[in-house]
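Coordinate analysis (summary)
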Amino acid sequence: SRAPAARLQAVLDDTRPALLVTDQPHTLTGVPALTVGELAAAGETSDPHVGIHPEQLAYVMYTSGSTGIPKGIGITHTDVAALALDHCWHQDAHQRVLMHSAHSFDAATYELWVPLLSGARIVLAPPGDLDTRTLQQTITDHHVTAAFLTTALFNLMVEENPEALGSMREIWTGGEAVSVPSMAGFLQRASGTRLVHVYGPTETTTFALHHRVLAEDLDRRTVPIGAPMDNMRAYVLDDALRVVPPGVPGDLYLAGTGLARGYVNRPGQSAERFVADPYGPAGSRMYRTGDIVRWTEAGLLDFVGRADEQVKIRGFRIELGEIEAALAGFDMVGQVAVIAREDRPGDRRLTAYLVAAPGAALDVRHLRAGLAETLPDYMVPTAFVQIDALPLTPNGKLDRKALPAPDPAAAAAEVSYVAPRSDAEVLVAEVWCEVLGVGRVGVHDNFFEIGGNSLLAMKVSARLREALALDVPVRTMFVHPRLEQLADAVEALLVADLEEVSDDETRDQ
């Protein structure tokens, strides 16, 4: 896992599991541990005869918390079964489902249990960080028929390898604001593949609404998030919990089968978000999503925006307040605001705005390293902008529109600039500049500290493959994140490739 050890320890302390099963060494405490190797060596294959009640927890999945502490969402066996038994899977599409999501991401619930509980098959993606080519090979070589892709990954695959997606029967995508051009481009190239736009917070067991995207949807500014799945109910309500008419924006509430038990060990937060359902059966609850939506005349829901400061980055749900709380814990930070910016279409990044504490000097590299010890990588801001004061509206609230765009050269300026020297360094620098949208990068720059992320790393891998006719695995970017390191790794791969070609020619002779 890329989650810091401190965060994993907090999860263990909160859930108090009876056993930790792991495949790697760890320093976590307070729970007995068993490695996968020990399980395999034991050779135990008999049924352990563990009694399970349908309303017992199947898993607890943690998501970002606005108070600065992650909160665990309790999902029951009944919730998982309800998702797997939905009628939308009972067709020819979901016979060989791709499993590639992290187990801590709720899409894994679909990837694992929908096929297994319906007699279908799972196709496991190769371990490690995947690039678009590896995904394409996995999909084609193993005849994958269906997959879920986050919006960002779907957009990238349409750009890089649309032919791989077109070989599947059905694709589900969602998690962020939709790109109508990407969907339109895909449907034009792969008319035989059904494309489904899906919506659902973890509190409703992965998916709650879905809509098959048709050509007529692409004439609009956005694509509907759809209508409720089986045994789910969706309400669009005003502040007084009254139903609003079609076309009028309101708060989205979800109810029905699949609704989580609540937040584990968080009764106050559970009572705030899981409230009595005035329109359902007696004693039933509904979940306040925090999303603003409106009904269309066709009985579908359109996403309008958020009612709070929660955002989604590459499919991960993030409470900006948790990042702000972590930054505020540093003595050098006086005031802080974190927002999600999209200065380039489709490229959404977290940006932290910092006001130094009186008499202190901000050390961005120290802040970045400190956050990495407590927050998962996708919650560490891409850019850190130092300002003299946070801009305020006349009402005294943060004026987000007045926050300046980050200077792409500022992150690179955290280290002394040294121009690329070798041919490999020049090539890598050109690719980084194109993918990151910056004017220059130096040999000491770290890809992930100057705007890079896992999806952009996939783009770099694809661009290098085009330029060199050589596979540069995405994992190489994480192992060698500095430009000079990556250039050396590329040169080593080139040498190994030439030696392999030479050996093949010698054998042929």
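For the structure given in this document, a descriptive report is provided here.

Analysis parameters
- Residues numbered from 1 in each chain as written.
- Predicted model: local features only at pLDDT ≥ 70, side-chain atom pairs only at ≥ 80, totals over all residues.
- Heavy atoms only, no water.
- Buried < 20%, exposed > 50% of the residue type's maximum accessible area, 1.4 Å probe, protein only.
- Helix = DSSP H or I, 4+ residues; strand = E, 2+ residues; numbered from the N terminus.
- Arc of directions from axis to C-beta.
- Contact = heavy atoms within 4.5 Å.
- Polar contact = N/O pair within 3.5 Å; in protein donor to acceptor, adjacent residues only side chain to side chain.
- Pairing = 2+ DSSP bridges.
- Axes fitted to C-alpha atoms, helices over the stretch in contact; angles between N-to-C directions.
- Parallel < 35°, antiparallel > 145°, perpendicular 65-115°, else oblique.
- Left-handed = near helix turned anticlockwise from the far one by under 90°.
- Nonpolar A, V, L, I, M, F, W, Y, C, P; charged D, E, K, R; others polar.

What to know about helix α11 (residues 364–372)
Buried within α11 we find Val 364, Leu 367, Arg 368, Gly 370 and Leu 371. Across the axial projection of α11, the buried residues extend over an arc of 165°, all falling on one side. As for α11, its buried residues are in contact with α10 (320–328), β20 (333–344), β21 (347–356) and β22 (383–386). With a side-chain oxygen positioned 3.2 Å from the backbone nitrogen of Arg 365, the residue opening α11 is Asp 363.

Some thoughts on the side chain of Thr 476
Residue position: Thr 476 is located in helix α15 (residues 474–479). Residue classification places Thr 476 among the buried residues on the basis of a relative accessible area of 12%.

Thoughts on the sheet that holds β21
Within the open sheet, the 3 strands sit side by side as β20-β21-β22. Their pairing is mixed. Only two strands of the sheet have a single partner each, and these edge strands are β20 and β22. Going across the sheet, the axis of each strand differs from the next one's by a mean of 30°, ignoring polarity. The sheet contact formed by β20 and β21 spans 9 bridges and is antiparallel. Across the sheet, residue Val 338 finds its bridge partner in β21, namely Ala 352. Running at roughly 140° to β20, α10 makes contact with β20, β21 and β22 of the sheet.

Considerations on the sheet that holds strand β14 (residues 262–263)
The antiparallel open sheet is built from 3 strands, whose spatial order is β3-β4-β14. For this open sheet the edge positions go to β3 (57–63) and β14, each flanked by a neighbour on one side alone. By the bridge criterion, 2 bridges tie strand β4 (residues 71–76) to β14 in an arrangement that is antiparallel. Opposite Ile 73, over in β14, you have Tyr 263 as the bridge partner. Packing of helix α3 (residues 77–84) onto the sheet brings it into contact with β3 and β4, and relative to β4 it is tilted by some 70°.

Details of the packing of helix α13 (residues 423–436) against helix α14 (residues 454–468)
Contact pair α13 / α14: the axes reach a minimum separation of 10 Å and the direction vectors enclose 135°. Accordingly, the angle class assigned to the pair α13 and α14 is oblique. As α13 runs across α14, the sense of the crossing is right-handed. Contacts between α13 and α14 pair Leu 427, Val 431, Trp 432, Glu 434, Val 435 and Leu 436 from the former with Leu 456, Lys 459, Val 460, Arg 463, Leu 464, Ala 467 and Leu 468 from the latter. By residue class, the composition of the contact of α13 with α14 is 10 nonpolar, no polar and 3 charged.

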